[in-house]
Every structure is written in C-alpha cells, then in structure tokens.
Amino acid sequence: MRIRRGRRRVLAACALAAATLLTASGCAGAGEASGSGSGTTITVAIVANPQMQDVETLTSYFTRTHPGIHVKYVTLPENEARQKITESVATGSNEFDVVMISNYETPMWAKNGWLTDLQPYADGTPGYDPGDFVKPVKDSLSYRGDLYSVPFYGESSFLMYRKDLLAAHHLTMPEHPTWAQVAAIADKLDDPKHNLAGICLRGDPGWGENLAPLDTVINTFGGRWYDPQWNAQLDSPQVKKAVNFYVDLLHRDGEPGAATAGFTECGTDMAQGTAAMWYDATSAAGSLEDPTSSKVVGKIGYVQAPVEKTPSSGWLYSWSLGIPKTSAHQQAAWQFMSWATSKDYIKLVGSKLGWSRVPPGSRTSTYQLPQYEKAAAAFAKPTLEAISSADPGHPTVGAVPYTGVQFLDIPEFEDLGTRVSQQITAAVAGQQSADAALTQAQQYAQTVGDTYRKH
C-alpha cells in the first residue's frame, strides 16, 4: 500500500506540475490538454499508442465545445498503464475519471462492480448510435447486454508483408498462409548485412506484449493453457512445438534485440523498412500507410493470421474507455468519452491528421466513408475479416474452460501471463531454452489451475 500511495503521490505531483507550468518538464507522460480556470477537470488515463496520442492532439476541439470541462491526461507505456490503472480501479481510488482498458478487463470489472454501466448514457446521447459499433467488439465490451466501456478502436491480428521484397525474390504470399509458409519466406528474405529482418515478432515481456502473438501461435498449433478440468498444459508437446517454433524463428530471422521489442518497436522497424514481415495487430496498418511516419506506404500487403491446425487464429481486442464507479465527475467523463468514440471524432481525425490514422475496427460506418475507403483500401477488408473470424469462445483445437484468444478471461491472468511472458523473453534472449521456459511456466499455470479445480 505504501508503494501504491507513493505512486499516486508521484503521479499527482506530475499532474499538478503539468497543470501549473503547462509544460512536460520532469513529468514524463503527464499532460493537460486544456487551460486552467473554473469548471470541471477530468483525469484521463490512457496508453501511449499512436491513436491515443492523436486524441491528445485533437482535444482542443472538444474543449471548444465543452468550455466547462478541462481534460488532464496521464499517458503511460502499455505495461505500466495496465498496472497503474488496475491498481487504481481495484483499490477504489478516485484519481481517474476515465480509464483506457480492454475487453479483458471490462467484463470482469463490470461483474465486480468497479465500472459504471454506460448503456443508459450511450442510449440517451443523440447521434451517438451504439448500434453502429462493430458487433464482435461491442459484445466483448458488454456485461449482461450492457456496454461497460466503449471502443476507441478495435482490432484483430494479421500478417503484414513487403510486397516489393517478395516480388524481387519471386515469392508469393498465400491469402491464408500457414506458419510453415511464413517461416520459409522469412528465411529467404532475412538479410542482416543490409539491416533487414525476415520477420518482426514481439519478444518484450508482458501478457499484452509477447504473449499476444505467441498465444495465437500456441492455439493454432493445437496447444492450450488448460484442459477442461483446469490441468495446466503449458508443457504439452503442442505448446512446446509452438513456442520452440516462435523462439527459433526469432533467433533465425527476427529483428535485432527481439527480447526488448514490442508492438512499438516492431512498428518502427516495419515503417522504416528494416523488417520484411510483421505479424501483429490490425490497428498497425494505419501507421504503415501514413506518409508522415512510414517509408513503406503502398508497399505492404495484408493477409489473415497464419494458421496450422485451426481455420483462423487472429485475436480479438479493443482499447476502450470506461468510467470507474468512484469517479466524481461521471457526466463530464461521459461527455469526453462520447466525443472521443463518436462518428464525428473519426471524421475529425481524417480531416485533420489524415484518413489512414482514423481509429479502426470500432464503428461500421467508418468503413462506409469514401475518404477512408480510399485511404484504407489495402487493409480495411482484411481488418474486418480478421475481426469477424476471431473466435474467443473456441480459440484452439481442444476444449478449454476459459474464453479468449490471446488472453484467458480470469483475473489471475494478468499476473500469470506476465510471469510466463518473462520466461518466454528469457528464451528469446538466449538465456534459457524454450523447453526450460515452459517447465517454469507450467508450474505457474498449475498453481492457478489448482484454485479452479478446488471449486
């Protein structure tokens, strides 16, 4: 508790400094989008991903029409944000009025009574149209039929590849590749002498970092975390084969420093032309097609997540916005959230920042905008196909007692997944074998499984 309170004091001090000095000096990640003065100040905790940085840039448009609401952001790297937001909400702190969470936290936190039911707000806001949300994403953010967070963007996963490099090597990417085919292509494209990795895959630890893509590989290789009786399965032949494949592929054809590379690092590698392929979130495509940040615009092809034994393997995920029950400014919080997840906000991003930077996968109407159809011609259809084909209820070959593709819908997974991911990172770094990593991971998983077996 001392540590948690200490963190809160540090964050509060940073936020105060940002509000007073109107500068980012000394308080990394904390900023205020609107000026001081009378009115209501809401504190918004978000993840430092490109689309979230865009909303900070555009918040002045919100404050122009809502002059009585001041928005103060606490922006943190993904792993740090997950931990901080979880600690804050779980302990009943009222430091945040809006939190960026996902379809992992939303149903569980709603069941725990930690989140405000947003359905009455959504239904009562003219023009908001919650029925326009992409259905699989909307369903994943609901509890007992009501929305408890609203999607900022939705995603699945797919394979991104350099069409020009494959053509130069007389290679063809199948529309629905297997992992064996992807590995064979990576072998041929990998060119360390010319600073080109055959493929970029996340190696950075974190249940939302390296485990996200790796779990889809485990699933499609026929592996699973638990059998229906909650017996841990992380040392099974199927899981061992999948993890050894992933680690070996990174060792052979992956990016330099793979053990510290996550979504952001792989995105930079792909955009700067130092990776030939990248398997990751569909939401990354917009950045790759943005000429202000990418050197490979128009050179990228997009195909469905590679498979082995399952018909599909892509994950389902949404960064979304929720209101903790403890917020004292729920009406103001909703006004901000409904703006940031509205049809008008999507048009604002397109007109001010570029249509390739529009938050994808949240609203069906986005895919009917002529400007977005043109800008996203290469990846819009593959994105929707990936989201619609994701199957959180049946992620792998065998039966499982949990729901989720790249995560398990149990509260213990945040800690369990992090511990397992650290073992995987050690294998990627060459500090231990993949089998040794899984031996330790199996022990972690069985400890959790035992608690469910007793029920």
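Presented here is an overview of the structure given in this document. Given the structure is predicted, the values throughout are model-derived calculations rather than measurements.

### Focus on the state of the cysteines
Counted by the stated rule, this structure contains one disulfide. There is a disulfide in this structure between Cys200 and Cys266, and the S-S distance comes to 2.4 Å. Judged by the sign of its S-S torsion, about -85 degrees, the cystine formed by Cys200 and Cys266 is left-handed. Taken together, the residues Cys200 in the loop between helix 8 (179-189) and helix 9 (211-220) and Cys266 in helix 11 (residues 263-271) connect sequence positions 66 residues apart. Neither Cys200 nor Cys266 differs from the other in exposure class; each is buried.

### With respect to the packing of helix 17 (residues 413-428) against helix 18 (residues 434-453)
Two numbers describe how helix 17 lies on helix 18: the axes approach to 8 Å, and their chain directions differ by 175 degrees. Taken together, the axes of helix 17 and helix 18 are roughly antiparallel relative to one another. Between helix 17 and helix 18, the residues in contact are Leu416, Arg419, Val420, Gln423, Ile424 and Ala427 and Ala434, Ala437, Gln440, Ala441, Tyr444, Ala445 and Val448, respectively. Across the contact of helix 17 with helix 18, the residue classes tally to ten nonpolar, two polar and one charged.

### Topic: the nonpolar core
Of all hydrophobic cores here, the largest spans 145 residues; its most connected members are Trp179, Trp225, Tyr226 and Phe336. With eight residues, helix 10 (residues 237-253) is the single largest residue contributor to this core. The residues touching Phe336, leaving out its near neighbours within four places in the chain, are Ile42, Val44, Phe62, Val71, Tyr73 and Val98.

### A short note on the packing of helix 10 against helix 18
Each pair of packed helices can be described by the angle between their axes along with the distance between the axes. The N-to-C vectors of helix 10 and helix 18 enclose an angle of 130 degrees; their axes lie 9 Å apart at closest approach. The orientation of helix 10 relative to helix 18 falls into the category oblique. The hand of the helix 10/helix 18 crossing is right-handed. Contacts between helix 10 and helix 18 involve Val239, Lys240, Val243, Asn244 and Val247 on the former and, on the latter, Ala434, Asp435 and Leu438. Classifying every residue of the contact of helix 10 with helix 18 by side-chain character gives five nonpolar, one polar and two charged.

### Section: the pattern of salt bridges
For the structure on display, the rule yields 14 salt bridges. Asp164 serves as the salt-bridge partner of Arg162, at 2.8 Å between the closest nitrogen and oxygen. By relative accessible area, Arg162 is classed as buried at 8%. Judged by relative accessible area, Asp164 falls into the partly exposed class, the value being 30%. The partner of Arg202 in a salt bridge is Asp280, with the nearest N and O atoms 2.5 Å apart. Taken together, the residues Arg202 in the loop between helix 8 and helix 9 and Asp280 in strand 9 (residues 277-281) connect sequence positions 78 residues apart. Exposure remark for Asp280: the relative accessible area of 0% places this residue in the buried category. Among the charged side chains, a salt-bridge network with shared partners connects Asp54, Asp290 and Arg357.

How each quantity is defined
- Residues numbered from 1 in each chain as written.
- Predicted model: local features only at pLDDT ≥ 70, side-chain atom pairs only at ≥ 80, totals over all residues.
- Heavy atoms only, no water.
- Disulfide = S-S within 2.5 Å.
- Helix = DSSP H or I, 4+ residues; strand = E, 2+ residues; numbered from the N terminus.
- Buried < 20%, exposed > 50% of the residue type's maximum accessible area, 1.4 Å probe, protein only.
- Axes fitted to C-alpha atoms, helices over the stretch in contact; angles between N-to-C directions.
- Parallel < 35°, antiparallel > 145°, perpendicular 65-115°, else oblique.
- Contact = heavy atoms within 4.5 Å.
- Nonpolar A, V, L, I, M, F, W, Y, C, P; charged D, E, K, R; others polar.
- Core = buried A, V, L, I, M, F, W, Y, C linked by side-chain atoms within 4.5 Å.
- Left-handed = near helix turned anticlockwise from the far one by under 90°.
- Salt bridge = Lys/Arg side-chain N within 4 Å of Asp/Glu carboxyl O.

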